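Coordinate inspection notes
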Amino acid sequence: MKKKISILGVPMDLGQMRRGVDMGPSAIRYAGVVERLESLGYDIDDQGNIEIDQAERVHNPDTNLRNLKAVADGNERLAAKIHDIIDGDSFPLIFGGDHSIALGTLAGVSKHYNNLGVIWYDAHGDLNTADTSPSGNIHGMPLAASLGIGHEALTNIGGYTPKVKPENIVIIGARSLDEGERVLIKEKGIKVYTMHEIDRLGMTKVMEEAMAYLKDRQVDGVHLSLDLDGLDPNDAPGVGTPVIGGISYRESHLAMEMLAEAGVITSAEFVEVNPILDEKNKTASVAVALMGSLFGEKLL
């Protein structure tokens, strides 16, 4: 990984309905992320937070998409900032905010790669569209939109579409999928490791297979999108959409350690930390600990 890391916070809470996730970047910083990464020898450039419009929480019946314009505008700004970070030869490390910010991260990252791979570490597939979403919450749509599926205001962020190919995606930790997402996964042949596979194979085998799968597709970069609700709520309680029976704290460390050893991750985001729903900033502290493992921290 590059030795210079540029941190960017995205206080986005418009992609869903539970307040507080806009404070996620502050909670992660408070948990000591800068000091943790500096202790590993990285040069940290904390660029602060991008501006997010405080739009009315409206539900547009014409689109079934909540806060469409504000979410799209914020992600356009995010994409532009990430583009500049990569142009400056720095590793983009993004803090959310809800998972709708992946629209902007992938838009900013993907234009720098010919064949980007994505590891989507999440309890959910985030593959809904306005037609399939039960809620209209855009944080459940960023992966579909990045595939070029969905409302053009979301699919065209950054001025191009698609951002990623379906065969270059690996979803890890899924255990809550809507019917429309299941259909899309099968239709597009997206690689998914549900909790069933993690339980049967073990995290070591899952990560080995996932990295080999992306290598076989000759990806030239890998973006990690880590939603803290991928972990079990006992380990990460401060998330807006917790799903019991998730990946353990130790399994997640192992996954990050294996990614660090492989040296494949070229950009990353950690999302859905909601300190209002948390217990003494536990979830933000877990996020920071996982970042330590991702960036090479070892016990010995």
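Residues numbered from 1 in each chain as written. Predicted model: local features only at pLDDT ≥ 70, side-chain atom pairs only at ≥ 80, totals over all residues. Heavy atoms only, no water.

**Examining the sheet that holds strand β10 (residues 265–271)**
Definition in use: When DSSP finds two or more bridges between a pair of strands, those strands are recorded as paired. Numbering of helices and strands starts at the N terminus; helices are DSSP runs of H or I of at least 4 residues and strands are runs of E of at least 2. Note on definitions: angles span 0 to 180 degrees between N-to-C directions of axes, and those axes are lines fitted to C-alpha atoms, for helices only across the stretch in contact. Residues are treated as being in contact if the distance between any of their heavy atoms lies within 4.5 Å.
Spatially, β2-β1-β5-β10-β9-β6-β7-β8 is the arrangement adopted by the eight strands of the open sheet, whose pairing is parallel. Pairing within the sheet leaves two strands with one partner each, and these edge strands are β2 (43–49) and β8 (191–194). Mean inter-strand twist for the sheet, computed between neighbouring axes without regard to direction, equals 15°. As judged from the four bridges shared by strand β6 (residues 116–121) and strand β7 (residues 169–174), these two strands associate in the parallel manner. Counterpart to Trp120 in the pairing with β7 is Ile171. Docked against the sheet, helix α4 (residues 102–110) engages β5 (91–96), β6, β9 (221–227) and β10, running at close to 155° with respect to β6.

**A look at the UniProt feature "binding site: Mn(2+) 2" (unreviewed entry) in the protein chain**
Short version of the rule: UniProt positions are given in the numbering used here, feature names are shortened, and annotations may be inferred rather than shown by experiment. Only protein chains enter the accessibility calculation, which uses a 1.4 Å probe; a residue whose area is less than 20% of its type maximum is buried, one above 50% is exposed, and one in between is partly exposed. Distance and chemistry together define a polar contact, namely a pair of N or O atoms within 3.5 Å, with one atom able to donate a hydrogen and the other to accept it when in protein, and with adjacent residues in sequence counting only for side-chain atoms on both sides.
UniProt records the feature "binding site: Mn(2+) 2" (unreviewed entry) at His124 and Asp126, using the numbering of this structure. Its place among the elements puts His124 in the loop between β6 and α5 (142–146). Using a relative accessible area of 14% as the deciding quantity, one classes His124 as buried. In this structure His124 touches Ser176, Leu177, Asp229, Thr241 and Val243, once residues within four positions along its chain are discounted. Within the secondary structure layout, Asp126 lies in the loop between β6 and α5. Look past the residues within four positions of Asp126 in its chain and what remains in contact with it is His99, Trp120, His139, Gly140, Met141, Pro142, Leu143, Ala144 and Glu181. Here His99 takes part through its side chain, which lies 3.0 Å from a polar atom of the side chain of Asp126.

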